[in-house]
Amino acid sequence: MSEVSGTWDEEADVVVVGYGFAGAATAIAAHDEGADVLLLEKAPEEHKGGNSRVSANIVFWPNDVEKAKTYFRALTGPYTDNISDKMIEVWAEEMHANRAWLERLGMQPIGIGGAEFPEFPGSDCVEMLVNAGQLPGSGRQEFTLRQTPAQLGQMLGGERLWKGVTEPALDARKIRRMYGTAAVHLVESSGAVAGVLADRQGKRIAIKAERAVVLTCGGFENNPTMVRTYVNALPCIYPTGTPYNTGDGVRMAQEVGADLWHMSNIAGPELFFKAPELPVARWINLPHAGSYIFVAADGKRFIAEGDQCMGTDRHGKLNYHGMWMQQTAPMPVHLIFDESFRASGCIGDSFCCWDVVHGNRYNWSDDNLREVERGWIKRATSIRDLAALIGLPPDVLEATVTRYNTFVAQGADADFGRNPAWIAAIETPPFYAMELTPSFVNTQGGPRRNENAQVIGLDGRPVPRLYSAGELGSIYAYNYNAGGNIGECFAFGRIAGRNAAREKPLELAG
Ligand SMILES: Cc1cc2nc3c(=O)[nH]c(=O)nc-3n(C[C@H](O)[C@H](O)[C@H](O)COP(=O)(O)OP(=O)(O)OC[C@H]3O[C@@H](n4cnc5c(N)ncnc54)[C@H](O)[C@@H]3O)c2cc1C
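Residues numbered from 1 in each chain as written. Predicted model: local features only at pLDDT ≥ 70, side-chain atom pairs only at ≥ 80, totals over all residues. Heavy atoms only, no water.

A. Local environment of the overall build of the protein chain. The helix and strand tally for the protein chain stands at 14 helices and 24 strands. Here the C-alpha radius of gyration of the protein chain, 24 Å, is about what a compact globule of 510 residues would show, namely 24 Å. Judged by the C-alpha coordinates and their principal axes, the protein chain covers about 75 × 50 × 45 Å. Taking all contacts inside the protein chain whose residues are at least 6 apart in sequence as the whole, residues at least 24 apart take part in 74%. Element-wise, carbon and sulfur atoms account for 49% of the exposed surface of the protein chain, whose accessible area totals about 18800 Å². (Helix = DSSP H or I, 4+ residues; strand = E, 2+ residues; numbered from the N terminus. Rg over C-alpha atoms; globule rule 2.2 N^0.38 Å. Contact = heavy atoms within 4.5 Å. Areas by Shrake-Rupley, 256 points an atom, 1.4 Å probe, with all protein chains shown as cover.)

Next comes the structure, spelled out in structure tokens:
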């Protein structure tokens, strides 16, 4: 931590670092509590919004607090000791309060489905909400991760919550935002956090926080060294969200002695597409059914293809002999398919992710032929030639496809149990291969926080005047329910904002 020296360039009661949903909720709550708020955002204005803005914009809302406590406890699985009863209680209460709070801000919530772990106790409390703002029709719409990309796209993404609710709420309150301003270090005075040092257009500036600093600057998805250090067996995994989340909050919190938690937990992996031209992986929505398989570097299948590009719709957790375990993914993986699948429709469609909102906004062709011409998809007249083209053993790939086709003829995938309704023979030439990459939406780890959203030090005590919210040090210790990160951004963002605003003004030394 840096000591105060010289003069301050900016000041506010509450300084919020990072402008996604967690930063937005924190800023709104602190402002409504009477504080003068300054939001710092590392990205330039056109890239504001972090993962939040480019997400599917789904909020998990528990409709019953007691059931939510039970469900949240079940989600923590073997990591249950990490989360105190008090924390579970506050988590459940504030997540439940999200709906009314969002409605006050202008959200028109509609439910689009239920729990990701319906077999867990308390799961019937789960509602997933989207902002009906620009949606066709009204009322409850059924949602499953097995819908077609087009159906999903009609309901999700589109920055519905960001543009329709939170950003207008900050505008209405005239909350100050400084873009292109990356917090680098926390500043200390008399053992408490008193501000931040930030880099702004090549200049180091000092920003005083009269009451508190709140870190809401996201995870470490774009810091490959941190990913390799903390996340097991996924050495080359690409994010689909903002490139600006590089673990700065973890490092700043560590500098002031924060304890860390949930560093190995991620939402993923899934198999998406990373073109060299694109800054991050592109979320693609393969149809669940079709004449395609995934194969690893040995030319063999490794999973039941279908759900969410990976064979699981549990955000990267697989049930292994009765226990939910973190899934890994081999590299490279190739999607192998035939002409009928190629011609059946767009396979690179996407309704959210960084590339859709800010990136190249690549417009995937309806028949996938433009991508063949670009070299993203390889084509050959036989499976053996295709194998040679992508560097896989031809005998093995041919045997893999033959075996899979036998299962299709028999109506049951004896190796991986892929849904019988989704299997179709790979038999119509030419044949195609597209390399997929393990990808994830976000990390969950960061500084440990308590029920007041205070950052906790290695000594088990709160670091004075330092708070956090959002995916930086998320409460998700293990299993994760869709919509949960955004729900948590709002829940703990409000707690952080309220408590930060209520801190006594700092008597600065010097
Ligand atoms: C494609 C995709 C789809 C998703 N869909 C959903 C969904 O539907 N529902 C759900 O619950 N979750 C979803 N998630 C996850 C969810 O979006 C995120 O976990 C959540 O939005 C994180 O919010 P946040 O405010 O904590 O961080 P972010 O929204 O990532 O914001 C962090 C901000 O901090 C800024 N920052 C970083 N370092 C600094 C620094 N040093 N100084 C200043 N600013 C800094 C970043 O530029 C960024 O703008 C999805 C994620 C992705 C990528």
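Past the structure itself, the notes keep going.
B. Spatial organisation of the nonpolar core. Core analysis: the biggest nonpolar cluster contains 143 residues, and Val17, Phe72, Val213, Leu215, Met434 and Phe492 have the highest contact counts within it. For this core, the domains that each give at least three residues are domain 1 (2–264 + 442–502) and domain 2 (270–440). Leu215 has contacts with Val17, Leu186, Gly249, Met252, Ala253, Leu466, Tyr467, Ser468, Ala469 and Leu472, leaving out every residue within four places of it along the chain. By size, the runner-up hydrophobic cluster in this structure holds 16 residues, among which are Ile336, Tyr404, Ile423 and Ile426. (Core = buried A, V, L, I, M, F, W, Y, C linked by side-chain atoms within 4.5 Å. Buried < 20%, exposed > 50% of the residue type's maximum accessible area, 1.4 Å probe, protein only. Domains from an automatic or database assignment.)

C. Structural context of the environment of Thr242. Its place among the elements puts Thr242 in the loop between strand E11 (238–239) and helix H8 (248–255). Filtering out sequence-adjacent residues up to four positions away, Thr242 remains in contact with Gly50, Asn51, Asn222 and Trp354.

D. View of the environment of Glu255. Along the polypeptide, Glu255 turns up in helix H8. For the pair Glu255 and Lys300, spaced 45 residues apart in sequence, the C-alpha separation works out to 46 Å.

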